[in-house]
Amino acid sequence: MPGPLYARWVPPAKPKAQEKSESLPHPPGKTSQPTIESPEPLRQKEKSKRKSTDQPAPSPELKEDERDAAASGHTQEEQESGEKPKKLKKRKRELDVNDEIQVEEEATPKKHKAILSKFERSYQRAEAIRASGEQHYPETSKEDEPAPELHVPLPQPAPVADIPYQPTFSALPSWLATPTTIESSQTVSFEKLGIHPSFLKKLEKQGFRDALAVQSVLLPMLRPGYDQHLGDICVSARTGSGKTLAYLLPIIETLRDQAVTTLSAIIVVPTRQLVDQALKVAEELCEGTKLKVGTALGSVPFASEQKQLVKVRARYDPQRAKELHDKASRQMKSALGGRGGIFDDLAKVPKDHVPQYDSGVDILICTPGRLVEHIESTTGFLLRSVRWLVIDEADQLIAQNFQGWATALMDALHDDTPEDFMNTQERLRKQRRNLDWAPALPDRTHITKVVLSATMKKDLTKLGTLRLRRPRLVVVENDKEDQPSAPDGEVYELPSTLAEYAIPVGDGSKKPLYLLFILLRHILNLNHPMEEKTDSGSANSSSEEDSEAEPSSKADCTSALSSDRSRILVFVKSNENASRLAHLLSVLEPPLQPFVKAMTPGATTKQSQKLLRSFAAGRIKILIASDTASRGLDIPDITHVINYDMPGSIISYVHRVGRTARAGKQGQAMTLVAKNEAGWFWNQIAKGSSVKRVRGTKVVRVELKERDVTWDRKRTYQEALQQLQGAVEGNPDNTEA
Ligand SMILES: Nc1ncnc2c1ncn2[C@@H]1O[C@H](COP(=O)(O)OP(=O)(O)OP(=O)(O)O)[C@@H](O)[C@H]1O
């Protein structure tokens, strides 16, 4: 084998005393000590560089003939075998060349004297430093590598304190930036608030002696008196804090002596369930008065609602009757007159009479869509005497603004009554508007708007559609010091009596089994029949024994469920999921069947009222619903809310869990958290700054072992899924499986 073309220089073995200096830390930015080469190997380098294209030089120890062979590139055997080297002359020439190189080498030191002496000097310096044990950073030329930085700490001035940025201006108007706050624990007796004795009795009948915080602040602001706020009011108070009574009581108390039925208050809520709920509270308060409370919601025939809302009477007014008849005949001739409306009613009243439209209700509770329909299509549905407009769950209603309901309602409220429907006073006001004494005429009734939500947003662009006048924001909160600071400034408070749990459910594929386990083991405290059998050592009993054992355990389950006081509201993400889950639970655990129901949008008002009544009475224990039930639903004694499907937003979570722990009662909220939802849930809901909890409370993580959850149900689960699929596809074979 020929030797290496480039001979590396190996540093001489270091004396033991020098070892210590090698363990010193490397200079910054370097990984090893710089290698300093001795002049000797450099000379070798030079030599080998030049010879790199030639054959390796033969060793001086070789015999002469071997050297010849090596020089010629032939082995000794080849030469002995009689193969006389043919290129003897050439070899001779090569030897001559080698000699010339040797001569040149002798001249090399002179040629590179300067370089070599430089290396010698640096080598000696390096040796001297190494011997002295000091750390040394060798000088390196710019071409080699950048000079190492020497980190000599320079004296620094003391760091400037980080002063939090406090703008001298506010992006919010002062009424939003500086709300009137009240602690949620503050209560005042209704008597002290000066509530009329007849209403005190009604409240006591319901067990209400003291006004809750939101009521104690709103009642004086809405009732006539020294503390009345002559402007609009926005209220932000957590779920179950008693907002419904806070606005209904002052309105009904003020109207209690109203002799003529006049539409005085409109209450807008997002769903028909909430219409029913508010109606119930209003009717209880109106008992014993002449006040009439009406509703307008999509599930009732429109014509019957019209009859309820507007009463048509004939009024004797020959001049006005003549004017109207002339107008009607002009319209008929020009074919502009449409059917319905005032001209139809004109034909129905006696001669020289005009139709007069009176309100059929004093208080109207409605959904926004239906209200707009009545504004647009119900002849004589006039809002000129409305004194209160209440918008509950306002953040949702304003955000949706379907059919542009807010704008349509505001136009109807604030604009003048259409000319044909004007009463004498309005007509006079219109005619005399430009006269000097016009201000002496009674003004249009001022409207007080009350806008409420548990998750009120300080969004001016949205609130602007409500055309608020001299508004004031009232915030009911726990402890002000606890207030976390959310980036968008919106903080939603949870009831102080709420306990929250998060249950990881793996990838979520076995969520129904987790739900069943939680229901049976943690809430209803029921043992599964199979477990009982296993406990008694008969897990492998025959099917005959099974069928014998089942009825008794089923009966036990039913009687245990009937006596249980739990009311469990399970939230899923859609109405279809609600029906499916109810079906699945009934198949997986047949004793549960009579106690599980799903809330479906297809149900009539009566059906859903019946369902909610059964749930409130405890005949149904588990109600499965979509987010439509997450807002406002007030069913006393809901003990548990389970988020089977993760809520879509923080606001949705706040409203869902707010169905329990209402008005100071205890409640539990459980959320099933799949792996891919865990990040959002823990960051936004459990630890996020937008959700405010009472000091010291947090979401508790509950780990369930998958083995415990699924141990005896894998097969039943598969069968139940197949059966469910069969039911969905309408395949009877699968349904029977
Ligand atoms: N003064 C009171 N004392 C005791 N309980 C009350 C009082 N006022 C109202 N409640 C009860 O508080 C519960 C919650 O009331 P309400 O439905 O008005 O809450 P809410 O603030 O509108 O909640 P949400 O924001 O969820 O709609 C009701 O069951 C009601 O009967």
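Residues numbered from 1 in each chain as written. Predicted model: local features only at pLDDT ≥ 70, side-chain atom pairs only at ≥ 80, totals over all residues.

How we decide: UniProt positions are given in the numbering used here, feature names are shortened, and annotations may be inferred rather than shown by experiment.
As recorded in an unreviewed UniProt entry, the protein goes by ATP-dependent RNA helicase and comes from Westerdykella ornata. Listed in UniProt under the heading Function (unreviewed entry), the comment for the protein reads: "RNA helicase."

**Quick look at the overall build of the protein**
We apply this condition: Here a helix means four or more residues in a row that DSSP labels H or I, a strand means two or more in a row labelled E, and each is numbered from the N terminus. Residues with at least 20 other C-beta atoms within 10 Å of their own are called buried, those with 12 or fewer are called exposed, and the rest are partly exposed. The C-beta atoms themselves are positioned from the backbone. We call two residues in contact when their backbone-placed C-beta atoms lie within 7 Å.
When helices and strands are counted, the protein shows 29 helices and 21 strands. Here the protein holds 737 residues, and 28% of them are scored as buried. Long-range pairs, those at least 24 residues apart, make up 78% of the contacts in the protein between residues at least 6 apart in sequence.

**Observations regarding the pairing of strand β4 (residues 233-236)**
Walk down a regular strand and you will see the side chains alternate between the two sheet faces. What counts here: Any two strands with at least two DSSP bridges between them are considered paired.
Burial of β4 is two-sided: the residues I233 and V235 facing one way and the residues C234 and S236 facing the other way are all buried. Pairing of β4 with strand β11 (residues 448-453), which is carried by four bridges, proceeds in the parallel orientation. Each bridged residue has a counterpart across the sheet, and for I233 the counterpart in β11 is V450. Judged from the four bridges that link them, β4 and strand β12 (residues 472-477) form a sheet pairing that is parallel. Within β12, the position partnered with C234 by the bridge is L473.

**Some details on the site of the ligand**
Using the following cut-off: Residues are counted as near a molecule or strand when the C-beta atom, derived from backbone positions, lies within 6 Å of that molecule or strand. Residues are grouped as follows: Ala, Val, Leu, Ile, Met, Phe, Trp, Tyr, Cys and Pro are nonpolar; Asp, Glu, Lys and Arg are charged; all remaining types, including Gly, are polar. Domains are outlined according to an automatic or database domain assignment.
Every one of the 20 residues lining the ligand counts as a neighbour, but T239, G242, K243, T244 and A663 are closest to it. Secondary structure elements with two or more residues in the shell around the ligand: β3 (210-211) and α10 (243-255). No other element matches the three residues that α10 contributes to the shell around the ligand. Its residues assigned to classes, the shell around the ligand comprises eight nonpolar, eight polar and four charged. Of the residues that make up the shell around the ligand, three or more belong to each of domain 2 (174-317 + 353-430 + 446-480) and domain 4 (492-537 + 547-729).

**A word on the nonpolar core**
In plain terms, the rule: Note on terminology: a nonpolar core is any set of buried Ala, Val, Leu, Ile, Met, Phe, Trp, Tyr and Cys residues joined through C-beta atoms within 7 Å.
Formed by 132 residues in total, the largest nonpolar core has its most connected members in L218, I363, I365 and I624. Looking at this core element by element, the count peaks at eight residues for helix α20 (residues 511-523). Residues from two domains meet in this core; each of domain 2 (174-317 + 353-430 + 446-480) and domain 4 (492-537 + 547-729) gives at least three. Apart from the residues lying within four places of it in its own chain, the contact partners of I624 are V570, V572, A578, L581, A582, V596, A598 and M599.

**Some remarks on the sheet that holds strand β9 (residues 363-366)**
Keep this limit in mind: Axis lines are fitted through C-alpha atoms, for helices just across the contact stretch, and the angle between N-to-C directions can take any value from 0 to 180 degrees.
Here we have eight strands laid out as an open sheet, ordered β1-β12-β4-β11-β10-β5-β9-β6, and parallel in their pairing. Across the chains shown, the open sheet's two edge strands, defined by having one partner strand only, are β1 (180-183) and β6 (293-296). Along the sheet, successive strands turn relative to each other by an average axial angle of 15°, direction set aside. Along the sheet, helix α9 (residues 213-222) contacts β1, β4 and β12; its crossing angle with β12, the most-contacted strand, is approximately 160°.

**What about the sheet that holds strand β21 (residues 700-701)?**
Read across the sheet, seven strands follow the order β16-β17-β15-β18-β19-β14-β21 without closing on themselves; strand pairing throughout is parallel. The sheet is open, and its two edges are formed by β16 (596-598) and β21, each paired on a single side. Sheet topology note: the strand β14 (residues 498-504)/β21 ladder contains two bridges and is parallel. Bridge pairing links Y501 to V700 in β21. Each of β14 and β19 (667-673) touches helix α26 (residues 675-686); the most contacted strand, β19, lies at about 145° to it.

**Observations concerning the pairing of strand β15 (residues 568-571)**
On β15, burial covers both faces: I568 and V570 on one face and L569 and F571 on the other are all buried. Bridge count between β15 and strand β17 (residues 622-625): four bridges; the pairing is parallel. When the bridges of β17 are listed, V570 appears paired with I624. Pairing of β15 with strand β18 (residues 640-643) involves four bridges; the strand directions are parallel. Looking at the pairing, I568 lines up with H640 of β18.

**Considering the packing of helix α15 (residues 368-377) against helix α17 (residues 405-414)**
Keep this limit in mind: By definition in this entry, angles of less than 35 degrees are roughly parallel, angles greater than 145 are roughly antiparallel, angles of 65 to 115 are roughly perpendicular, and the rest are oblique. Left-handed describes a crossing in which the near helix is turned anticlockwise from the far one by less than a right angle; the clockwise case is right-handed.
Viewed as axis vectors pointing N to C, α15 and α17 meet at an angle of 45°, and their least axial separation amounts to 10 Å. In terms of their interaxial angle, α15 and α17 are classed as oblique. α17 is crossed by α15, and the crossing has left-handed handedness. Counted together, P368, G369, L371, V372 and I375 of α15 and W405, A408, L409 and A412 of α17 form the full contact between these two elements.

**Some remarks on helix α25 (residues 650-657)**
Turn by turn, an α-helix covers 3.6 residues, leaving residues three or four places apart pointing in a common direction. The element α25 is largely enclosed, with a buried count of six among its eight residues. Those residues of α25 that sit buried are I651, Y653, V654, H655, R656 and V657.

**Notes on the environment of A394**
With respect to the helices and strands, A394 occurs in helix α16 (residues 394-400). Take A394: there are 27 C-beta atoms within 10 Å of it, and that puts it in the buried class. Taking the C-alpha atoms as reference points, A394 and V505, 111 residues apart in sequence, are found 35 Å from one another. Residues in contact with A394, not counting those within four places in the same chain, are V451, L452, S453 and M456.

**Notes on the UniProt feature "domain: DEAD-box RNA helicase Q" (unreviewed entry) in the protein**
Under the local residue numbering, the UniProt record ascribes the feature "domain: DEAD-box RNA helicase Q" (unreviewed entry) to residues 188-216. Span residues 188-216 is 45% helix and 14% strand, its end C-alpha atoms 6 Å apart.

**Quick word on unusual backbone geometry**
Positioned with a positive phi, D637 is a non-glycine residue whose angle comes to about 70°. With respect to the element layout, D637 can be found in the loop between β17 and β18.

**Observations regarding the environment of S559**
Note on placement: S559 falls in helix α22 (residues 543-563). Using a count of 11 C-beta atoms within 10 Å as the deciding quantity, one classes S559 as exposed. Note: C-alpha distance between S559 and P591 (32 residues apart in sequence) is 9.7 Å.

**Notes on the packing of α9 against α10**
Where α9 contacts α10, the two axes come as close as 9 Å, and the packing angle between them is 20°. By the criterion of interaxial angle, the relationship of α9 to α10 is roughly parallel. Crossing hand, α9 versus α10: right-handed. Between α9 and α10, the contacting residues are V214, Q215, L218, L219 and L222 on the first element and K243, L245, A246, Y247, L249 and P250 on the second. Taken together, the residues of the contact of α9 with α10 sort by class into nine nonpolar, one polar and one charged.

**As for the confidence of the model for the protein**
Selection rule: Confidence of the prediction at every residue is given by pLDDT, a number between 0 and 100.
On average, the protein scores 77 in pLDDT, and the residues at 70 or more come to 71%. When mean pLDDT is taken per element in the protein, β9 scores highest with 97 and helix α1 (residues 19-22) scores lowest with 40. Across residues 16-43, where pLDDT falls below 50, the model places 33 contacts with residues more than four positions away in sequence or in other chains. Contacts from residues 49-85, a stretch scored under 50 in pLDDT, to residues over four places away or in other chains number 28 contacts. This complex was scored by the predictor with a pTM of 0.71 and an ipTM of 0.99.

**Digging into the environment of T558**
By the secondary structure assignment, T558 is in helix α22. Residue classification places T558 among the partly exposed positions, given that 16 C-beta atoms sit within 10 Å. Separated by 33 residues in the primary sequence, T558 and P591 have C-alpha atoms spaced 5.9 Å apart.

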